[in-house]
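Residue strings, one per chain:
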Amino acid sequence: MKKFLYGIDFGTTNSALAIYDEEAKEIHSTIIIPSLIYFYQQFSATSDKNYVVGEDAITAYLNDDMKGRFIKSVKQILSRSSFSETRIHNKRYNASDLVAIILKELKDRADQLIGQDCRKAVIGRPVFFDDDDVKKDTLAQTRLNKAAEIAGFEEIRFQFEPIGAAFAYEKSLVKKENVLVADLGGGTTDFTYLVLDPEKVGSKDRKNDMMANGGIYIGGDSFDSAFMWEKGTPYFGKNTQYEATPGKVLTVPKSLFVNICSWEQMNFFNGLRIQKDIEDYYYFSGNDRKFKNLITLIENNLGYSVFQSIEKTKITLTNADTAKFTYHKMGIDIDEKIGLADYEQIIGKDVDRIANYLDDFMLKNNIDPKNIDSLFLTGGTSMVVSIQKLFKNRFPHVNLNSGDNFKSVAKGLAYSGYLFDN
Ligand SMILES: Nc1ncnc2c1ncn2[C@@H]1O[C@H](COP(=O)(O)OP(=O)(O)OP(=O)(O)O)[C@@H](O)[C@H]1O
Ligand SMILES: [Mg+2]
């Protein structure tokens, strides 16, 4: 029987699996799915699979009139000690149970391709799951390990995601190079600085080749949240005035809108019920038309569809100077032209934090830009214009490479089989 190993990149936005044929020493095939789970509104008593994963989750959410539980960016909860479990209908799901649903989906699809039950996997992890906090980090990796076990894996190793990306890039090199890799995803931005050598692909000891690893908890989700805050929430009544007491007019609290900007809130804490205070504000605002949109959004679980429009605007702006932010559903109407400069300002704070982190990373690890032979950028967020500019400005003389934005990590993880040799 042929021997295989899976490289699994469980991402905030997308999850990929690369099947590695250990005898032929090559990648057999790759699979990629959006990291989304949709729990149907109506649970079937006869089936215990009351959810759909990946692309099908979006279709089911729309077909179900957006009434069930839509879960996005579930990777974010791995490091949250405050999250213990969520109840969906009569079942309880902890963080590992939710993540296992995505890992199992990938495993099932891959097993079907090779006609085997493969239980060996190298699983990627960001350099830091959250901020630089050891306790949270250990919790996250323990939960991810448990998720892999629930999904049916027995031999499990972990590898830093940017090292995975680096190993995929190494395959394309013709000579030894010092490479700075940046993997910018939906949740995190990770860096690694290492020596890559095409002659060393798959070899045993790479410890001496790794010079530095680092990362920061900012990614495409942060950009989308910032956009929602600046450009989305005004359409949901962020500036609504209401009469607090007779004659005293106030603006509704901004905190009401923080929840609709973050997936963590929307996945688990929002609930489907509209809180009474929101209804009160609506009443005392004299039934403000935009504030009504907030009620419509929460009541009808429209969050994901609004964020789809936000992402579309962002993606358009990677190749154009203007884009239209449009949304039309259930009486909510948004049509706004967004210029690239405007967008860059909205995400500016996050981009600056990435830039500052990169500067610290270089300094702390004594990396002299003169010694860098090439740069490898990967991950969906690496396509954002401000990010491209950031790297071009910091390293004007270094060759900038990119490619395989969504699969490079999984492929490189699949080349990390050496982790099983003790
Ligand atoms: N063309 C594009 N332009 C800009 N951003 C994009 C583009 N395509 C995808 N993205 C963004 O890239 C992010 C997803 O990238 P990727 O799949 O690399 O992340 P991930 O691996 O799931 O996340 P992480 O590694 O942080 O856990 C999302 O925020 C998505 O909106
Ligand atoms: Mg990633």
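Given the structure is predicted, the values throughout are model-derived calculations rather than measurements.

J.: Explanation requested: the overall build of the chain in the structure shown.
T.: The helix and strand tally for the chain stands at 14 helices and 19 strands. Counting only C-alpha atoms and orienting by the principal axes, one finds that the chain spans roughly 75 × 55 × 35 Å. Evaluated residue by residue, the chain yields a buried proportion of 55% over its 422 residues. Within the chain, counting contacts between residues at least 6 apart in sequence, those at least 24 apart form 67% of the total. Looking at the chain as shown, the accessible area adds up to about 19300 Å², and 47% of this sits on carbon and sulfur atoms.

J.: Explanation requested: the pairing of strand β7 (residues 85-88) in the structure shown.
T.: Note on strand geometry: in a regular strand, side chains alternate between the two faces of the sheet. Because side chains alternate across β7, one face comprises the buried residues Thr-86 and Ile-88, and the other comprises Glu-85 and Arg-87, none of which is buried. Inspection of the sheet shows β7 paired to strand β8 (residues 91-94) by four bridges, in the antiparallel sense. Within β8, the position partnered with Thr-86 by the bridge is Tyr-93. Turn length for the β7-β8 hairpin, with the two strands adjacent in sequence and antiparallel, is two residues, and the turn residue His-89 shows positive phi of about 55°.

J.: Please explain helix α12 (residues 348-364) as it appears in this structure.
T.: What sets the pattern is the α-helix's 3.6 residues per turn: residues three or four places apart point alike. With 17 residues, α12 ought to run about 24 Å at 1.5 Å a step, and its terminal C-alpha atoms sit 24 Å apart, in line with that. Buried residues of α12: Gly-348, Asp-350, Val-351, Ile-354, Ala-355, Tyr-357, Leu-358, Phe-361 and Met-362, and no others. Residue Asn-366 follows α12 closely and has a positive phi angle near 50°.

J.: Explain the sheet that holds strand β5 (residues 51-53) to me, please; I cannot follow it from the model alone.
T.: By way of backbone hydrogen bonds, the strands of a sheet pair with one another, either parallel or antiparallel. Taken together, the three strands give an open sheet; going across it, the order is β5-β4-β6, and neighbouring strands pair in antiparallel fashion. Strands at the two margins of the open sheet, each flanked by one partner only, are β5 and β6 (69-72). Here the average twist between neighbouring strands, direction ignored, is 15°. As paired strands, strand β4 (residues 36-39) and β5 are joined by three bridges and run antiparallel to one another. By the bridge assignment, Phe-39 is partnered in β5 with Tyr-51. Each of β4, β5 and β6 touches helix α2 (residues 95-114); the most contacted strand, β4, lies at about 110° to it.

Conventions we followed
Residues numbered from 1 in each chain as written. Chains lettered and ligands numbered in written order. Predicted model: local features only at pLDDT ≥ 70, side-chain atom pairs only at ≥ 80, totals over all residues. Heavy atoms only, no water. Helix = DSSP H or I, 4+ residues; strand = E, 2+ residues; numbered from the N terminus. Buried < 20%, exposed > 50% of the residue type's maximum accessible area, 1.4 Å probe, protein only. Contact = heavy atoms within 4.5 Å. Areas by Shrake-Rupley, 256 points an atom, 1.4 Å probe, with all protein chains shown as cover. Pairing = 2+ DSSP bridges. Expected span 1.5 Å × (residues − 1). Axes fitted to C-alpha atoms, helices over the stretch in contact; angles between N-to-C directions.

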